[in-house]
Amino acid sequence: MSWTLKTESPFALDAVIDAHGWIQLHPFIQPPDRPGFDYTLRLASSGRVITCRVAPVEQGIEVTTTTKLNAAKLNAAESKELQQAAAWMVGLDLDLRPFYAHARGEPRLAHMEAGAKGRLLRAPTVYEDLVKTILTTNTTWSGTRRMNETLVNTYGPAATDADPAHADPADGAARHAFPEPARLAAVDPDELRATVKVGYRAPYIVALAQAVATGTLDLETLKDPALSTEEVRKFLLSIKGVGDYAAANMLLLLGHYDFVPVDTAAVKSVGQMWHNGERIGAKEVYAAFENWRPYRGLAYWFWQWD
């Protein structure tokens, strides 16, 4: 089964994929032999775990399930859920034209509109993106990738279709969806620390999963475009394990662009460009992009550094 979702120009799927490293985090898979990406998800409407393919087509994207799954077609609820998930993952809800207009006069951002840049690949759920963001804190990117892959393959449900398309092209192993909140909620933090090697993050991840699983915390409400940036940021910062960096990263994924995810890379880049390599802090990073309100985070993220 396949569906074509129309996109508004400018839009480029490869620009979404290349915007940051999320494509390297399971359940995302970037096949080496074709454009687009694969993603394995559990459909909440039915509990079925499937892999979908998202590929570029003229004036849109095509969302396709595996060939074998066509024998058991998705029902209306499953179809709607899959299309909504795909649209969210590639940011079809976002209107970046105001930012493009602001960026036209800046040589280091002039590439944005021509390359249809600005959308960041994201997971279908805020919960998954938040767990992944926590896995990026105080570690290397290779560490984040390792922890995420182990988390998904250890606790995520396997695809329910035996089709070869559900195998990871890298090693042929079965694909897994991201672990459901209820699954991680039942894991002891010590077990998570031992199996996934997440260190101090273990109690934060388990507590987050428990809050989401019990309905105490409804992260998906953060997708509401009517919420202000400050409302979303306050909500995020109220969650244990989420600090200024993690909140800023999540804001970018949610389409709120006025906060910069300040880390060592941000401090180093801004220090070298505007402060002669001197040691600086978050205050100087924000000052460097002050004229880009309310797009400071987006301007920083896509800035062409020397």
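Before any of the text, the structure's been laid out above.
From a predicted model like this one, the values you see are computed outputs, not experimental measurements.

Colleague: In this structure, what is going on with the overall build of the protein? I would like to understand it.
Modeller: On a plain count of helices and strands, the protein comes out with 14 helices and five strands. Taken over C-alpha atoms, the radius of gyration comes to 19 Å for the protein, in line with the 19 Å a tight globule of 306 residues would show. Seen through its principal axes, the protein has C-alpha atoms that stretch 60 × 50 × 40 Å. Expressed as a percentage of the 306 residues in the protein, the buried residues total 50%. Look at the contacts in the protein between residues 6 or more apart in sequence, and 66% of them connect residues 24 or more apart.

Colleague: Just checking my understanding: could you explain the sheet that holds strand 1 (residues 2-6) for this structure?
Modeller: Strands pair in a sheet through their backbones, by hydrogen bonds, and they do so in one of two ways: parallel or antiparallel. On the basis of which strands lie adjacent, the open sheet formed by five strands has the order 1-5-4-3-2 and antiparallel pairing. The two strands at the open ends of the sheet, each matched to only one other strand, are strand 1 and strand 2 (28-29). Contacts from helix 2 (residues 76-89) reach strand 1, strand 2, strand 3 (37-42), strand 4 (49-57) and strand 5 (60-65), with the element oriented near 45 degrees to strand 1.

Colleague: For this particular structure, what's the right way to read the packing of aromatic side chains?
Modeller: Describing an aromatic ring pair means giving the distance of the ring centres and the angle of the ring planes. On inspection of all chains with the given rule, the structure shows 18 aromatic pairs. Between Tyr300 and Trp301, the aromatic rings sit 6.4 Å apart at their centres with planes inclined by 70 degrees, giving edge-to-face as the arrangement. Here Tyr300 falls in the buried class, since its relative accessible area comes to 8%. The class of Trp301 is partly exposed, set by a relative accessible area of 28%. Ring centres 6.0 Å apart and planes at 65 degrees place the aromatic pair Tyr300 and Trp305 in the edge-to-face group. These aromatic residues form a ring-pair network of at least three members: Phe99, Tyr257, Trp274, Phe289, Trp292, Tyr295, Tyr300, Trp301, Trp303 and Trp305. We note Arg122 situated over the ring of Trp88; from NZ or CZ to the ring centre the distance is 3.4 Å. Positioned above the aromatic ring of Phe259, the side-chain terminus of Arg296 is 6.0 Å from the ring centre.

Colleague: So what exactly am I meant to see when it comes to the pairing of strand 1 here?
Modeller: Taken residue by residue, a regular strand's side chains alternate between the two faces of the sheet. The alternating pattern of strand 1 places Trp3 and Leu5 on a buried face, while none of Ser2, Thr4 and Lys6, on the opposite face, is buried. As paired elements, strand 1 and strand 5 share five bridges and run antiparallel to each other. Paired with Thr4 across the strands is Glu62, a residue of strand 5.

Colleague: It is not clear to me how the pattern of salt bridges should be interpreted in this structure. Could you clarify?
Modeller: Should their charged atoms come close, side chains of opposite charge can pair. Following the criterion strictly, the structure yields 15 salt bridges and no others. Note that Asp38 and Arg175 form a salt bridge whose closest N and O atoms lie 2.9 Å from each other. With Asp38 in strand 3 and Arg175 in the loop between helix 6 (141-155) and helix 7 (181-185), the pair connects residues that are 137 residues apart, well separated along the chain. Using a relative accessible area of 7% as the deciding quantity, one classes Arg175 as buried. A salt bridge links Arg97 to Asp95; the nearest nitrogen and oxygen atoms lie 2.9 Å apart.

Colleague: Mind showing me how you'd approach the environment of Ala19 here?
Modeller: Tracing the chain through its elements places Ala19 in the loop between helix 1 (13-18) and strand 2. Spatially, the C-alpha atoms of Ala19 and Trp303 are 12 Å apart, while their sequence positions differ by 284 residues. Apart from residues no more than four positions distant in its own chain, Ala19 is found in contact with Arg119, Leu120, Trp301 and Phe302.

Colleague: How do you make sense of unusual backbone geometry when you look at a structure like this?
Modeller: The bulk of non-glycine residues show a negative phi, and the bulk of peptide bonds are trans. With an omega dihedral of 0 degrees, the bond running from Ser9 to Pro10 counts as a cis peptide bond. Residue placement: Pro10 occurs in the loop between strand 1 and helix 1. Cis peptide bonds are those with omega within 30 degrees of zero, and the linkage from Arg293 to Pro294 qualifies with 0 degrees. Inspection of the secondary structure puts Pro294 in the loop between helix 13 (282-288) and helix 14 (296-302).

Colleague: What am I meant to see in the nonpolar core here?
Modeller: The tendency in soluble globular proteins is for nonpolar side chains to be buried as a group. If you look at the biggest cluster of nonpolar residues, it comprises 92 residues, and the most contacted ones within it are Phe37, Phe99, Leu192 and Leu219. Apart from residues no more than four positions distant in its own chain, Leu192 is found in contact with Leu151, Tyr155, Val187, Lys197, Val198, Ala202, Ile205 and Val206.

Colleague: How should I be thinking about the pairing of strand 3 in this particular structure?
Modeller: Counting buried residues along strand 3, five of its six residues qualify, which places the element largely inside the surrounding structure. The pairing of strand 2 with strand 3 spans two bridges and is classified as antiparallel. Within strand 3, the residue paired with Phe28 across the bridge is Tyr39. Between strand 3 and strand 4, which pair antiparallel one after the other, the connecting turn spans six residues, and Gly47 there sits at a positive phi close to 85 degrees.

Calculation rules
Residues numbered from 1 in each chain as written. Predicted model: local features only at pLDDT ≥ 70, side-chain atom pairs only at ≥ 80, totals over all residues. Heavy atoms only, no water. Helix = DSSP H or I, 4+ residues; strand = E, 2+ residues; numbered from the N terminus. Rg over C-alpha atoms; globule rule 2.2 N^0.38 Å. Buried < 20%, exposed > 50% of the residue type's maximum accessible area, 1.4 Å probe, protein only. Contact = heavy atoms within 4.5 Å. Pairing = 2+ DSSP bridges. Axes fitted to C-alpha atoms, helices over the stretch in contact; angles between N-to-C directions. Phe/Tyr/Trp six-rings, centres within 6.5 Å; stacked < 30°, edge-to-face > 60°. Lys NZ or Arg CZ within 6 Å of the ring centre and 35° of its normal. Salt bridge = Lys/Arg side-chain N within 4 Å of Asp/Glu carboxyl O. Core = buried A, V, L, I, M, F, W, Y, C linked by side-chain atoms within 4.5 Å.

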